[in-house]
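This is what each chain is made of:
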Amino acid sequence: MIDKYFTKLPKNSEPLNSKPKEKVAFVEKESLASDDDIIGDPGLRKPIDSYPFEIRDSLRRRYLAKGPCQPVGHEFPFTLIREKNRRFQVAWFKDYEWLEYSVSKDKAYCLYCYLFANNNRSGGNVFTEIGFNNWKDGRRAFVNHEGSPGSSHSGCRMKVEQYRNQRGNVNQLLARQTAAMEDYYRTRLSTVVSVARILLEEGLPFRGRDESAESLHKGNFLEHISWVCKREENVNKVMGKNAPGNNQLTSPTIQRDIIECCAMETRKIILNELGEKTFALLVDEARDCSVKEQMSLVLRFVNDKGMVLERFLGLVHVNETSAKVLKNVIDTFFAKHDLSLAKLRGQGYDGAANMSGEFNGLKTLILKENKNPHYIHCFAHQLQLVVVTASHESESVGDFFETLSMIVNTIGASCKRKDTLREIHNEEVLNQVEMGEISTGRGQNQEISLARPGDTRWGSHYTTIVRLFDMWNSVERVLLAINKLGESLKIRQSAGGVFDKMDCFQFVFIGKFMMKILGITNTLSKILQARDQNIGYALNMINVVKNKLQELREDGWNNLLKEVTEFCEGHSIDVPNMENFVHGRSRKRLKGGEPMTYLHHFRIDIFIKVIDVIAMEMDKHFTEANTELLRCVMCLDPSNSFANFDHVRLLQLAKLYSDDFSSTDIIELDHQLQNYICDMRSNEIFSNISNLGDLAKKMVEINYHTYFPLVYRLIELALILPVGTASVERTFSAMNVVKTDLRNRLGDDLLSDCLVCYFEKEIFRSIDDEVIMQSFQNLASRRNQLRPLKIRRPNPC
């Protein structure tokens, strides 16, 4: 067990001026404890003296860097004490900086005594192991625990101060560090931090396969430092060969510590931005390139400016994806970052059984602890299911998409065929330009190719269909060329068969028809994937899509038939007479056995049937639009001069959030709503606002959120409700950038830290280097120390 905490020195490390044994012990001590050893909930921690001696120093510094566990916004439960209900008071956190609270045990603990009390039990182990929960005598017990200057707690507090003041410890006093040495160390550390930030922001790997002094490819980290040294003389004087052999600041351990500090400071800004606000949780899982299941956690909340934000906090590796395991992982993650389920007001997942199951799903397990976080099935996933179902219901539409995939696969099977397609299409474009059929200009007529459709992204099918019709002639010429000059008889026959399926009226008709359908739904899909989207606007857009589909069903047939006919005539494709019967051995018949006309086949069996299936599936999947919660939320919609405003339903909405609105608040909200709607409708400032998100920002801008605080609280809760999990899926896209096949041994904690810095780049860039350097100093015992400087604190977005 102890062996896992030891790491070897890099082969290219220079010997220290001290004895080799001291060097090994020092490096081991700095690299032993990891983020996994830090337990957020004090009630679940092992005693500090139960850990191997070699890692205790590192553990203490990590716990001090994290700070005491003080869950923000937690609803502390009542306990019956002497026939009265008592509970922990959040104000105690401000008065006693050492105080910790365990959510799992509902008990208070002392961080200082946990870290340094060891076997000194004068005053007992109540605040280190057992836990304190006699809330009636809380303050008196805390004062007694602090005791006199000679008490056990005071001794632990002095040790904490000594740990925090590394400049005053014995090792530093013996080293007799001069001012020049401190300046050299600062230059060295500043250079290393700057290089690490560049690599983190771009998602680049740090290490190289061969980092020896003779290697020409040492990896990005060492090569960037070498590049800086060649161009900055002041850096070159204190780095590399000119630096002490025991203080190079380039070892893998130092690199990991800097990455951890960068992620730690980024998360601090996010959590400070969140504060005590309510939030929604977005969760999804995906496999990384090393076939490990990673769960991504994103928080959605409204900041102090009224803006809806979705912030990524990290990845967590899960061994299995059962709801119980995911719930335990979320509890551990929340405890680690001092978050509380009591402040959760929304849940956004996909429709998998382990996430949305009515009895044992993740949403149900969370609702058992907190009844306020309403679950919303990701709208983007539901829209995808709608289109998938429509393609499966119609045999003709299913055949079309199968043929479409065959066309893309046949042409994209080799580089030669794709190059031929591009060359032929370029010739077509040049001919059309010379004939004056298309215009030229900046950004027009760019080189394109057939996009390969994705099974889980139906927006890609829309792009594929659009490009196919744009490159129709070129595609046909390539298929004919393959049919004549293919490598084998099978390939030539396959290309000829695909050409025959493509060169017919039905294929063109379904292609043009699905282009219209997917064009309508693709717009909604893009809207649903916006980070700042809100549930009210999403519901409005769903209704818009339904209306457009109904318009297409009632008035779109003639225009579609005309467009398809003109295209077929322009490309020498036979157009059947709509009044004729469908011919051939597979002739279609009506239910009565009579032959079917082409008009009935295309209009009834395909056009109307597909639209009806999509409309029916939208009503089926978007059931949230019919729930009481979202019907009440729509009453906050400011469009058309607050036409949907309903006083009674908004009071019902407040009652759905019983933890946010007391009975007294409901009475006051009743009066605020009356004044609010009169002011909104008469104020010209709000006349052009049609979006709930814009309304919140405008109210904060002109200080209306303080005039109508309860109404604004309702608006915040409505904005918190998640629309989709697009932000979570974006983190998985970023994960594929950070963790690649050549970087597949990246540890889980290191991957999470790198990804936080890469994904939340805007916040990461706002952090001053000095903040990261001071955090690095406090994370472990360092040979050199920095003078504290004035730090520029970043302003959160």
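Residues numbered from 1 in each chain as written. Predicted model: local features only at pLDDT ≥ 70, side-chain atom pairs only at ≥ 80, totals over all residues. Heavy atoms only, no water.

## Overview of the overall build of the protein
And then number 1: Across its full length, the protein carries 36 helices and nine strands.
And then number 2: Of all intrachain contacts in the protein linking residues separated by at least 6 positions in sequence, the fraction that spans at least 24 positions is 70%. (Helix = DSSP H or I, 4+ residues; strand = E, 2+ residues; numbered from the N terminus. Contact = heavy atoms within 4.5 Å.)

## With respect to the packing of aromatic side chains
And then number 1: Evaluation of the coordinates by the stated rule reveals 43 aromatic pairs.
And then number 2: Between Tyr 704 and Tyr 707 the ring centres are 5.2 Å apart and the planes differ by 55 degrees, which places this aromatic pair in the tilted class. With a gap of three residues between them, Tyr 704 and Tyr 707 both fall in helix H31 (residues 704–707), about one helical turn apart.
And then number 3: In this arrangement the basic side chain of Arg 197 is found over the ring face of Phe 764, its NZ or CZ atom lying 4.9 Å from the centre.
And then number 4: One cation-aromatic arrangement involves Lys 512 over Phe 469; the distance from NZ or CZ to the ring centre is 4.7 Å. (Phe/Tyr/Trp six-rings, centres within 6.5 Å; stacked < 30°, edge-to-face > 60°. Lys NZ or Arg CZ within 6 Å of the ring centre and 35° of its normal.)

## Regarding the pattern of salt bridges
And then number 1: Within this structure, the stated rule accounts for 32 salt bridges.
And then number 2: Residue Lys 268 pairs with Glu 265 through a salt bridge whose shortest N-O separation is 3.5 Å. Within this pair, Lys 268 and its partner Glu 265 are both found in helix H12 (residues 252–274), separated by three residues, close to a single helical turn.
And then number 3: What makes Lys 268 partly exposed here is its relative accessible area of 36%.
And then number 4: Linking Arg 553 and Asp 612 is a salt bridge whose minimum nitrogen-to-oxygen distance equals 2.7 Å. Residue Arg 553 is located in helix H23 (residues 535–555), and its partner Asp 612 is located in helix H25 (residues 598–621); the two are separated by 59 residues in the primary sequence.
And then number 5: The exposure class assigned to Arg 553 is partly exposed, which follows from its relative accessible area of 28%.
And then number 6: Among the ionic contacts, a cluster of salt bridges with common partners joins Arg 62, Asp 257, Glu 260 and Arg 782. (Salt bridge = Lys/Arg side-chain N within 4 Å of Asp/Glu carboxyl O. Buried < 20%, exposed > 50% of the residue type's maximum accessible area, 1.4 Å probe, protein only.)

## Some thoughts on the pairing of strand E9 (residues 374–377)
If a strand is regular, its side chains alternate between the two faces of the sheet.
And then number 1: Here E9 shows no split at all, with His 374 and Ile 376 on one side and Tyr 375 and His 377 on the other all buried.
And then number 2: One ladder, built from four bridges, connects strand E8 (residues 344–349) with E9; its direction is parallel. Across the sheet, the residue bridging to Tyr 349 is His 377, located in E9. (Pairing = 2+ DSSP bridges.)

## Description of unusual backbone geometry
And then number 1: Despite not being glycine, Asp 106 has its phi angle at roughly 55 degrees, a positive value.
And then number 2: The residue Asp 106 is located in the loop between strand E3 (99–102) and strand E4 (107–110) in this model.
And then number 3: Here Ser 641, not a glycine, exhibits a phi torsion of approximately 60 degrees, which is positive.
And then number 4: Relative to the helices and strands, Ser 641 is located in helix H27 (residues 639–642).

## Focus on the packing of helix H29 (residues 663–682) against helix H32 (residues 709–720)
And then number 1: Look at H29 against H32: their axes get within 8 Å of each other, and the N-to-C directions meet at 90 degrees. When the interaxial angle is binned, H29 and H32 end up roughly perpendicular. Between H29, through Asp 665, Glu 668, Leu 669, Gln 672, Leu 673 and Tyr 676, and H32, the contact on the second element is made entirely by Pro 709, Leu 710, Val 711, Arg 713, Leu 714 and Ile 715.
And then number 2: Grouping the constituent residues of the contact of H29 with H32 by class yields eight nonpolar, one polar and three charged. (Axes fitted to C-alpha atoms, helices over the stretch in contact; angles between N-to-C directions. Parallel < 35°, antiparallel > 145°, perpendicular 65-115°, else oblique. Nonpolar A, V, L, I, M, F, W, Y, C, P; charged D, E, K, R; others polar.)

## Focus on helix H7 (residues 152–164)
And then number 1: Helix length check: H7 (13 residues) gives 19 Å between terminal C-alpha atoms against 18 Å at 1.5 Å per residue, within 8%.
And then number 2: Every buried residue of H7 is accounted for by Ser 152, His 153, Ser 154, Cys 156, Val 160 and Tyr 163.
And then number 3: Those residues of H7 hidden inside the fold are in contact with helix H2 (53–66), E4, helix H4 (111–116) and helix H6 (138–146). (Expected span 1.5 Å × (residues − 1).)

## A word on the confidence of the model for the protein
And then number 1: For the protein, per-residue confidence averages 83 on the pLDDT scale, and 86% of positions sit at 70 or higher.
And then number 2: Within the model, the stretch residues 1–31 combines pLDDT values under 50 with 44 contacts to residues more than four positions away or in other chains.
And then number 3: In this model, residues 437–447 is a region of pLDDT below 50 whose contacts with residues beyond four sequence positions or in other chains number 13 contacts. (pLDDT = per-residue confidence, 0-100.)

## Some thoughts on the nonpolar core
Nonpolar side chains tend toward joint burial in soluble globular proteins.
And then number 1: If you look at the biggest cluster of nonpolar residues, it comprises 113 residues, and the most contacted ones within it are Phe 379, Phe 509, Phe 513, Tyr 676, Leu 695 and Ile 715.
And then number 2: For this core, the element with the most residues is helix H22 (residues 505–528), which contributes 14 residues.
And then number 3: Counting 78 residues, the second largest nonpolar core, distinct from the first, contains Val 318, Leu 326, Val 756 and Phe 759. (Core = buried A, V, L, I, M, F, W, Y, C linked by side-chain atoms within 4.5 Å.)

## Focus on the sheet that holds strand E6 (residues 293–302)
And then number 1: The sheet built from five strands is open, its strands ordered E7-E6-E5-E8-E9 with mixed pairing. The two strands at the open ends of the sheet, each matched to only one other strand, are strand E7 (308–317) and E9. With strand direction ignored, the average angle separating the axes of adjacent strands in the sheet is 25 degrees.
And then number 2: Alignment of strand E5 (residues 279–287) against E6, held across eight bridges, turns out to be antiparallel. Pairing of Ala 286 across the sheet is with Gln 294, part of E6.

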